[in-house]
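For reference, the chains in residue letters:
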Amino acid sequence: MPAAPLSFGHAALAQRIVAELVASLQPGAGSSTEPALVVGVFGEWGAGKSRLLQTVADALQDRSKGEGEQALTVVVPFNAWRYEREEHLLVPLLRVAQQCLRKAIDDSLGTDIKRHEQLSDQLLLLGDLAQVVYQHGGRDLLQAALTAHGAAVKLPELKPADGKPNPGVWEVLASRRKLRANARRLDTPINQLQSLYYDFLENLKAVTGRNPSALSAHRQRLLRRGASGLTDFVYGLRAGWEWFLTGEVAAAPSVQVNLIFLVDDLDRCLPDKAVEVLEAIKLFLEVEGCAFVLALDEEVIERGIAHRYRDYSLQGKEGMTPITGAEYLEKLVHLPVRLPRPTGAAAREFMAGKWPAWFADPAGQPNDLAVLVAAITPGVPRKLYRMAALLALAESLGEGDARTPNRREWLAIVCALQLFAPALYRFLRLHGAQYLLTLATWRGDALFRDLAGLRQALQAQTRGVDSPVKLHHQLVLQRLPDLCEAVMHNRSGFDLLELLARVGGLHAKAELTVTALGALLVFTEIEVAPEPPATDVAPPSITPAAFEATLPEPKMDVPSAVVEPAPPTDAPQPARLENERALAEAVDSGELELVRVALSREGAALRNKVFPKTLWDLLRAGRLTAQLQDWIAREAPADATQFLLQELRPHLSQAAVYDLLMGFGRPVLQVLKRPPWAHDVRVGDGLTFLAPPLIGDDSLWLDSMQSHGAEQWHIPRGWACASRRLEDLTQGVGIAVGSDEQYGVYAKLQVGGFQQRLRWVPQGKLAMGSPNGHPEERQLRTVSLMRGFWIADTACTLDFWHQATGSASAGGDGRRPVTGVSAEMVEHWLAQLQQRLPGCEVRLPSEAEWEAACRAGTRTLYAFGDEANSLLVNAENDAVVPVASLPPNAWGLYEMHGNVAEICRDWLDANERTSEAWMNPEGLPGAATGLYAVRGGSFRSSFVQARSAAVARITRDERRDDVGFRFIVRAIQAPEAEPA
């Protein structure tokens, strides 16, 4: 199989090597002392030597096809590592050369020779068949036939087989066919070689055809043009006729064989074996018609020479060996070639071209991930390949956590540590990923410039500790300088300080929780969940493809939408921790660094899980309660206690949060932000939460359910509160507000006999756009929504449309979404509805508001991940489905993707889709421009057109049967009083 095209300028180098080899094999081209050319290709392991040799071999094979029958260039690929266990590597080298020569000779024969030999074999086999039949019963049948016709002919008797059974017909034919084939096989002196060195030169010249006694059988085949056996008579007649005409008898043609040895994988051999191969090559240097290309690593040869002369070291004569590795290679290699290391720019371009889905932006240029990988990976082609392969594996193992900021960049950091600093990686995996952030801090503080001073400072700190958990922490810190020093002195070219600089940059860009970093560090993000009920629909799992065939489609790393993370799809489960006691001791110490270390050590176990009740009981019985009481007494300052709560927040069950709120009230709510929709809390016999505003400045207080069953409330939005019905706003219109244990707060808008549920979308930051898609989608931009809002959890239905307007229903399924209405009709309908809701603003969402609700805190292509199918999205279909037929997103909103495209109140043109931060972005209203954005795609759209960032547009009066809408409701705030 031909080698893949070379990169990094190696293709031109391969062409030049081929030209030098061909020139050296011309008659008289070599020197008088060493006619055999030796090319040395130098490079470290993985630098591309093997691919270069394969390209050279392919080019030489192509050149040899036009040489004819009398000149053969035989390429002999020799993998030294494969035969390392042989007593002497010269023997397998010669055997491989013999096999390649046999194949080359057979391939070089003309079709006329092969056709004549095949005809001759068939005639001989026909005679053999007649003889065998005669021996196996044919004689008796023939004798009986002659006797029956009165012929007095006596056929000769068969000779007995000396008691041995006669072989079968096919056995006899096979053995005779084999004998004829062996008669034409190449017979070289290698088969009779008894000594590795005696008469080696003459025997090798015989192999290359420079000795007239060699290749006689092959020359006869060329002379006779395949005539043999029964066709010898034809050859004799032809030769006699030529003698009669010319007076000359044709002589056997001369055959010149060139052997080009491509010796690879010397850097995988033991150093002494690598030198043994080079010693064997020295025997070929005086043989015309031989050439060598050696893939070499100078350090391996240096170690091999040192091993050969190890007695000098044992005798205290270091530096006095007869020859060094460099001197040895200088005497052997005539043409040294060193493969250039790829530059950072070349590595980025290579990755963007090789794996564009991972390392290229929509314009085909290297993206941020390519820049990072090129910076932290040594400039060696094989290491770039392995980095990409391991990154693909790590991505597939985790199935993509949509809540981890810059997840792919962090995975690249972890992959680089595993590949190029394995000892440090194992240490961090054992003791906690938080120490990686510690190393990044040391690098930022320039502590690595004086490792001796750093060791002394750590030792001094260790002498002052007063608890076992702090002592363990200090002992771990003391080990880090030694591990880092070993990595910085490696020979692979890996730059640990550059990696630590990238870690610091990533952490500053989007701070990652230590538990998330710990989960990434151990590549164990896959969780085996119980089989879901038949009614549940889960996204399809991702199966990693073979790396060389294709890499998995990337999970787009779009910045987070609204800052609040999305909850898991199932109720949180208690974690099975490795060491609860160590985590409890770290919390009791009050040292934030120790808590982060303990959490990072349990990162894989804590992923999407909460502290078990046994651990929470330990924490409450320990010093945590006293710390919180002291913190409250000091009016809850922003100190270590607050930061401790923030570190524990992702892993507190709702029952634990209920416990803390009952004990400490509003300060804990402000830190934990659980439930996130609650603006305030009152503590009495139970908890009462202030819900988001809905009607003017009215305060909506919801009574929380008791803590019983709170372990099953979803994090962070889920919280069970009793529903509270407000007084009817106008005749026939009512609102009830409550909260459920899965999606949190809701409002039910009752109009007549039909209701529409609303969900709360909080204020926060949103990253609009996607790296792929149409030009208006590709521009990533961060926007800030300064106010939250309520949004319908489904598209507006036919029933609700007709009930709100008082019009007669057209019949049919009233749960189907409204379609066939223009943006002008929708805005008129919403204005009528707003008149029935005093104190509320009712309108279409802006593009930014719609995308915030759709993404529900995710950054993937869809709200549920990067893959879509008909179980999740009604797209590429023939009809709409009733609302709430498909699974909702993490905030309880149904069919944000597909079914019907939804009208937004504005249209952002290309100038407004900028990368600049923007507060409350809103384009010109559609009523002014006549253009409205439609988002989410419809049942007719492709799955691509149903993504979170996909956008299309319609005109103000355009009506389509696949376009509908959903509306938002927001309290109208009273204007602030003007200052006196």
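Here the structure is a predicted model, which means the values were calculated and not measured.

1. Quick notes on the overall build of the chain
Of regular secondary structure, the chain possesses 36 helices and 24 strands. Buried residues in the chain amount to 49% of all 980 residues. Counting only contacts in the chain whose residues sit at least 6 apart along the sequence, the fraction spanning at least 24 positions is 72%. When the accessible surface of the chain is split by element, carbon and sulfur atoms take 53% of a total near 46300 Å².

2. Regarding empty space enclosed by the protein
Within the structure shown, the criterion is met by two cavities of 30 Å³ or more. Its boundaries defined by the atoms lining it, the largest cavity holds a volume of some 70 Å³. Considering the residues around the largest cavity, the lining is formed by Trp 45, Gly 46, Ala 47, Gly 48, Lys 49, Ser 50, Asp 264, Asp 265, Asp 267, Arg 268 and Arg 382. Residue composition of the lining of the largest cavity, by class: two nonpolar, three polar and six charged.

3. Quick look at the packing of helix α19 (residues 434-444) against helix α22 (residues 496-509)
Where α19 meets α22, the axes come as close as 8 Å, and the angle between the chain directions of the two elements is 105°. Classified by the angle their axes make, α19 and α22 are roughly perpendicular. Listed contacts from α22 to Leu 436, Leu 437, Leu 439, Ala 440 and Arg 443 of α19 are Leu 497, Leu 500, Ala 501, Val 503, Gly 504 and His 507. Partitioning the contact of α19 with α22 into residue classes produces eight nonpolar, two polar and one charged.

4. Some details on the sheet that holds strand β11 (residues 721-725)
One open sheet accounts for seven strands, arranged β11-β12-β13-β14-β17-β24-β18; its pairing is antiparallel. With one partner strand each, in any of the chains shown, β11 and β18 (840-843) form the two edges of the open sheet. Taking each pair of neighbouring strands and ignoring which way they run, the sheet shows an average axis angle of 25°. Inspection of the sheet shows strand β17 (residues 789-792) paired to strand β24 (residues 968-971) by two bridges, in the antiparallel sense. Note that in β24 the partner of Ile 791 across the bridge is Ile 968. Relative to the sheet, helix α33 (residues 798-805) contacts β13 (744-751) and β14 (754-761), its axis offset from that of β14 by approximately 105°. Set on the sheet, helix α34 (residues 823-835) makes contact with β13 and β18; between it and β18 the angle comes to about 165°.

5. Focus on the confidence of the model for the chain
Of all residues in the chain, 72% attain a pLDDT of 70 or more, and the chain-wide mean is 78. Residue range residues 122-126 is modelled with pLDDT below 50. Its contacts to residues more than four positions away, or to other chains, number eight contacts. Under a pLDDT of 50 for its full length, residues 186-198 has, in the predicted model, 28 contacts with residues more than four places off or in other chains.

6. A look at helix α18 (residues 422-431)
Residues of α18 that are buried include every one of Leu 424, Tyr 425, Phe 427, Leu 428 and His 431, and no others. Looking straight down α18, one finds that the buried residues subtend no more than 165° of arc, so they occupy a single side. Away from the buried face of α18 by more than 90 degrees, exposed residues Arg 426 and Leu 430 are located. Turning to α18, the residues buried within the fold contact α17 (407-420), α19, α21 (468-488), α22, α23 (514-521) and α25 (592-601). Two residues or fewer past α18, Gly 432 is found with a positive phi of approximately 125°.

7. A short note on the packing of aromatic side chains
Each pair of aromatic rings is reported with the distance of its centres and the angle of its planes. Scanning the entire structure with this criterion turns up 21 aromatic pairs. Plain terms: the ring middles of Trp 829 and Phe 965 are 5.5 Å apart, the flat faces sit at 70° to each other, and that makes the pair edge-to-face. Pair noted here: Trp 829 is in helix α34 and Phe 965 is in the loop between β23 (963-964) and β24, with a separation of 136 residues, a long-range link. Accessibility classification places Trp 829 together with Phe 965 in one group, the buried group. Members of the aromatic cluster, joined through ring pairs, are Phe 350, Trp 355, Trp 358, Phe 359 and Tyr 385. One Lys or Arg, Arg 408, reaches over the ring of Trp 358 and ends 3.6 Å from the middle of that ring. In this arrangement the basic side chain of Arg 757 is found over the ring face of Tyr 746, its NZ or CZ atom lying 4.6 Å from the centre.

8. Considerations on the side chain of His 431
Checked against the element boundaries, His 431 lands in helix α18. A relative accessible area of 16% means that His 431 is categorised as buried. Setting aside its immediate chain neighbours within four residues, His 431 contacts His 472, Val 476, Val 597 and Arg 601.

9. Digging into the pairing of strand β12 (residues 733-740)
Most of β12 is tucked away, with eight of its eight residues classed as buried. Neither face of β12 is left uncovered, since the one carrying Val 733, Ile 735, Val 737 and Ser 739 and the one carrying Gly 734, Ala 736, Gly 738 and Asp 740 both have all their residues buried. Judged from the three bridges that link them, β11 and β12 form a sheet pairing that is antiparallel. Pairing of Arg 724 across the sheet is with Val 737, part of β12. Counting the residues that bridge the hairpin from β12 to β13 gives three residues.

10. Describing the pattern of salt bridges
Tallied over the full model, the rule gives 27 salt bridges. Here Glu 20 and Arg 16 are joined by a salt bridge, their closest N and O atoms 3.0 Å apart. Here Arg 16 and Glu 20 lie together in helix α1 (residues 10-24), a separation of four residues that amounts to about one turn. On the basis of relative accessible area, Glu 20 is assigned to the partly exposed category, the value being 28%. Accessibility expressed as a relative area gives 52% for Arg 16, which makes it exposed. Of the charged contacts, one joins Glu 851 and Arg 855 as a salt bridge, the two residues approaching to 3.0 Å between their closest N and O atoms.

11. Some points on the pairing of strand β9 (residues 687-690)
Burial of β9 is two-sided: the residues Leu 687 and Phe 689 facing one way and the residues Thr 688 and Leu 690 facing the other way are all buried. Pairing of strand β8 (residues 681-683) with β9, which is carried by three bridges, proceeds in the antiparallel orientation. Paired with Val 681 across the strands is Phe 689, a residue of β9. Counting the residues that bridge the hairpin from β8 to β9 gives three residues. Sheet analysis places β9 next to strand β10 (residues 701-703), joined by three bridges and oriented antiparallel. Residue pairing across strands places Thr 688 opposite Asp 703, the latter belonging to β10.

12. Considering the side chain of Ser 24
By the element assignment, Ser 24 lies in helix α1. Engagement of the side chain of Ser 24 in a polar contact is seen with the backbone oxygen of Leu 21, the distance being 2.7 Å.

13. Some details on the environment of Ala 636
Mapped onto the fold, Ala 636 is located in the loop between α28 (624-633) and α29 (640-648). For the pair Ala 636 and Gln 670, spaced 34 residues apart in the sequence, the C-alpha separation amounts to 10.0 Å.

14. Observations regarding α33
The set of residues buried in α33 consists of Asp 799, Phe 800, Trp 801, His 802 and Ala 804. Along its buried surface, α33 packs onto β13, β14 and α34. Gly 806 occupies a position one or two residues after α33 and carries a positive phi of about 75°.

15. Side note on the sheet that holds strand β19 (residues 901-903)
The strand order β22-β21-β19-β23 describes an open sheet built from four strands, whose pairing is mixed. At either margin of the open sheet sits one strand with a lone partner, and together these are β22 (951-955) and β23. In terms of strand pairing, β19 meets strand β21 (residues 931-935) through two bridges, oriented antiparallel. Bridge pairing in β21 places Ile 903 opposite Val 934.

16. Some points on the environment of Ser 24
We classify Ser 24 as buried; its relative accessible area is 15%. Considered as a pair, Ser 24 and Gly 289 are 265 residues apart in the sequence and their alpha carbons are 8.5 Å apart.

Cut-offs and rules
- Residues numbered from 1 in each chain as written.
- Predicted model: local features only at pLDDT ≥ 70, side-chain atom pairs only at ≥ 80, totals over all residues.
- Heavy atoms only, no water.
- Helix = DSSP H or I, 4+ residues; strand = E, 2+ residues; numbered from the N terminus.
- Buried < 20%, exposed > 50% of the residue type's maximum accessible area, 1.4 Å probe, protein only.
- Contact = heavy atoms within 4.5 Å.
- Areas by Shrake-Rupley, 256 points an atom, 1.4 Å probe, with all protein chains shown as cover.
- 1 Å grid on protein atoms, 1.4 Å probe; cavity = no way out; pocket = protein on both sides within 12 Å on 5 of 7 lines; lining within 4 Å.
- Points joined across faces, edges and corners; volume = space filled by probe spheres on them.
- Nonpolar A, V, L, I, M, F, W, Y, C, P; charged D, E, K, R; others polar.
- Axes fitted to C-alpha atoms, helices over the stretch in contact; angles between N-to-C directions.
- Parallel < 35°, antiparallel > 145°, perpendicular 65-115°, else oblique.
- Pairing = 2+ DSSP bridges.
- pLDDT = per-residue confidence, 0-100.
- Arc of directions from axis to C-beta.
- Phe/Tyr/Trp six-rings, centres within 6.5 Å; stacked < 30°, edge-to-face > 60°.
- Lys NZ or Arg CZ within 6 Å of the ring centre and 35° of its normal.
- Salt bridge = Lys/Arg side-chain N within 4 Å of Asp/Glu carboxyl O.
- Polar contact = N/O pair within 3.5 Å; in protein donor to acceptor, adjacent residues only side chain to side chain.

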